[in-house]
Amino acid sequence: MVDLDNLLIYRQLDPSGMLNHLREFPEQCERAWEKVLKFDLPREYTQIDKVIILGMGGSAIGGEIVRRLALAESKMPVWVHRDYGLPPFVDEDTLVIASSYSGNTEETLSAFTESLKSPAKKLVLTTGGRLNYLAEKEGIPIFAIDYQAPPRTAFPHSFIPLVGIFQKLGLLRDKSADLREALQILNKLSRDFVETTPLVSNPAKQLATKLWGHVAIIYGAEILSEVAQRWKTQLNENSKTWAFFELFPELNHNAVVGYEFPSQVKEEMFVFFLRSSSLHPRSLLRYEATAKLLTKAEVSYEFVEAAGKNALAQVMSLVLLGDYLSFYLAILNRIDPTPIESIDFVKKYLAQFTAASG
């Protein structure tokens, strides 16, 4: 196994500097918050009765988490659309938020282009690309992302601005105090997770070591549901490994029955329970019962606790841990975490048909 305390290995296996983006996570969250507080929304944007966020991958997960936050504080429905086209409910009382780091995400452009035919209010988050061009052409407000990185490492710039925008819309209460707590926790955790902190006292390295050689299954509930999804996708993209996520309470109505077969894969599985004290007491009981079933099935698992008192801090603490975990697992797999050749292949494959049909 790779020695994660050997600092030379990071220079060899991380030539693109993924680690630098992880170190900058707390700072980028603070920068994004300061910027969104200065961002002016048209006054009429508060005259809405629903929100739909368009996005894919790393640009969509921020929308998924802010939707979950709003679910606890607002009566207004929020929908995250990860697909082509646009749902028929979009009308003049809808705010359409298109989030694409590159500005060239095929599905997001399809949905946004469709929204231009509607009377819906519109807003764009991007670094540029065709999405930026279309928004400028139509006079649509643009929140410009000014952080150069792989989209999945720009999470602070796809999530924190949405928190600020939802706050301005009245869908979330003032999150300034919550964010201050979150930043304090993130700065402390960054010191715990950074590569110079040895394995013996580094939770991210320890979890990666336990997971190495296994298939990850991440369990989450309520506010941690979308964090479980984030862990899954980061393990896919950074660690180049199989990973899956399941959600409470739904998994107790099906997944737990599937622990028996095929028996030979049990030792290959590793389950993470993302947990916090703020979860519903019945959900916490479900965690305990499910752990007992995994023990009986001889499947390895680990409880991972969120840090902080408020939901925002808890979410962000676990996002950061999952990001570091996926990075260290890539190192254990002896692979550069940055390239995403399979995704690039799909894009190129689709592009040749687009060109042929055009």
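On a predicted model such as this, the values are computed, not experimentally measured, just so you know.

## So, the pattern of salt bridges
Right, on to step 1. Following the criterion strictly, the structure yields 20 salt bridges and no others.
Right, on to step 2. For the salt bridge of Glu 73 with Lys 175, the shortest nitrogen-to-oxygen distance reads 2.5 Å. Taken together, the positions of Glu 73 in helix H4 (residues 61-73) and Lys 175 in the loop between helix H7 (155-169) and helix H8 (176-193) put the pair 102 residues apart, joining distant regions of the chain.
Right, on to step 3. Looking at Lys 175, the relative accessible area reads 4%, which means it is buried.
Right, on to step 4. Counted as one network, the salt bridges with shared partners bring together Glu 64, Arg 67, Arg 68, Arg 82 and Glu 226.

## Points about the packing of aromatic side chains
Right, on to step 1. Per the counting criterion, the structure on display carries 22 aromatic pairs.
Right, on to step 2. On the basis of an interplanar angle of 55° and a centroid distance of 5.1 Å, the ring pair of Tyr 349 and Phe 353 is categorised as tilted. Of this pair, Tyr 349 and Phe 353 both sit in helix H13 (residues 341-357), separated by four residues, roughly a single helical turn.
Right, on to step 3. With a relative accessible area of 43%, Tyr 349 lands in the partly exposed category.
Right, on to step 4. A cation over an aromatic ring shows up here: Lys 35 above the ring of Phe 143, its NZ or CZ 5.3 Å from the ring centre.
Right, on to step 5. If you follow Arg 275 out to its NZ or CZ, it ends over the ring of Phe 303, 4.1 Å from the centre.

## Brief notes about the sheet that holds strand S4 (residues 121-126)
Right, on to step 1. Spatially, five strands are ordered S2-S1-S3-S4-S5 in an open sheet, and the strand pairing comes out parallel. Looking at which strands have only one partner, the edges of the open sheet turn out to be strand S2 (78-81) and strand S5 (142-144). Sheet twist, expressed as the mean angle between neighbouring strand axes with direction ignored, is 15°.
Right, on to step 2. Relative to S4, strand S3 (residues 94-100) runs parallel, the two sharing six bridges. Following the sheet pairing, Ser 99 is matched in S4 by Leu 125.
Right, on to step 3. Contacting strand S1 (50-54), S2, S3 and S4, helix H5 (residues 106-115) runs over the sheet at an angle of about 150° to S3.
Right, on to step 4. The sheet contacts of helix H6 (residues 129-138) involve S3, S4 and S5, and relative to S4 the element is tilted by about 145°.

## What about the environment of Leu 329?
Right, on to step 1. Mapping Leu 329 onto the fold places it in helix H12 (residues 311-332).
Right, on to step 2. Judged by its relative accessible area of 3%, Leu 329 is buried.
Right, on to step 3. Sequence separation between Leu 329 and Val 2 is 327 residues; the distance between their C-alpha atoms is 9.9 Å.
Right, on to step 4. Setting aside anything within four residues of it in sequence, one finds Leu 329 in contact with Ala 208, Leu 211, Trp 212, Leu 235, Ser 239 and Thr 241.

## So, the nonpolar core
Right, on to step 1. Ranked by size, the top nonpolar core spans 83 residues in total, and within it Val 51, Phe 159, Phe 166, Trp 231 and Phe 272 carry the most contacts.
Right, on to step 2. For this core, the element with the most residues is H12, which contributes 15 residues.
Right, on to step 3. Ignoring any residue separated from it by four or fewer positions in sequence, one finds Phe 159 in contact with Gly 62, Ile 65, Val 66, Leu 69, Leu 312 and Met 316.
Right, on to step 4. One finds Val 256, Tyr 259, Ala 291 and Leu 294 within the second-largest nonpolar core, a separate group that totals 16 residues.

What counts and what doesn't
- Going along each chain's sequence as written, the residues are numbered from 1 onward.
- Whole-chain, interface and lining totals are the exception, using all residues; otherwise, since this is a predicted model, local features are given only for residues with pLDDT of at least 70 and side-chain atom pairs are given and counted only at 80 or more.
- Water and hydrogen atoms play no part in the side-chain values, which are based on all heavy atoms of the structure.
- The rule for a salt bridge is simple: a side-chain nitrogen of Lys or Arg has to be within 4 Å of a carboxyl oxygen of Asp or Glu.
- A helix here means a DSSP run of H or I that spans at least four residues, while a strand means a run of E at least two residues long, and both kinds are numbered starting from the N terminus.
- Relative accessible area decides the class of each residue, using a 1.4 Å probe on protein chains only: under 20% of the type maximum gives buried, over 50% gives exposed, and in between gives partly exposed.
- Working definition: rings of Phe, Tyr and Trp (its six-membered ring) pair if their centres are within 6.5 Å, and the pair is stacked with planes under 30 degrees apart, edge-to-face with planes over 60 apart, and tilted otherwise.
- The rule is short: NZ of Lys or CZ of Arg within 6 Å of the ring centre and within 35 degrees of the ring normal puts a charge over the ring.
- When DSSP finds at least two bridges between two strands, those strands are taken to pair.
- Each axis is a line fitted through C-alpha atoms, taken for helices only over the stretch in contact, and angles between the N-to-C directions span 0 to 180 degrees.
- Contact criterion: two residues are considered in contact whenever any of their non-hydrogen atoms come within 4.5 Å of each other.
- Within this scheme, the nonpolar core is defined by two criteria: the residues are buried Ala, Val, Leu, Ile, Met, Phe, Trp, Tyr or Cys, and they are joined through side-chain atoms within 4.5 Å.

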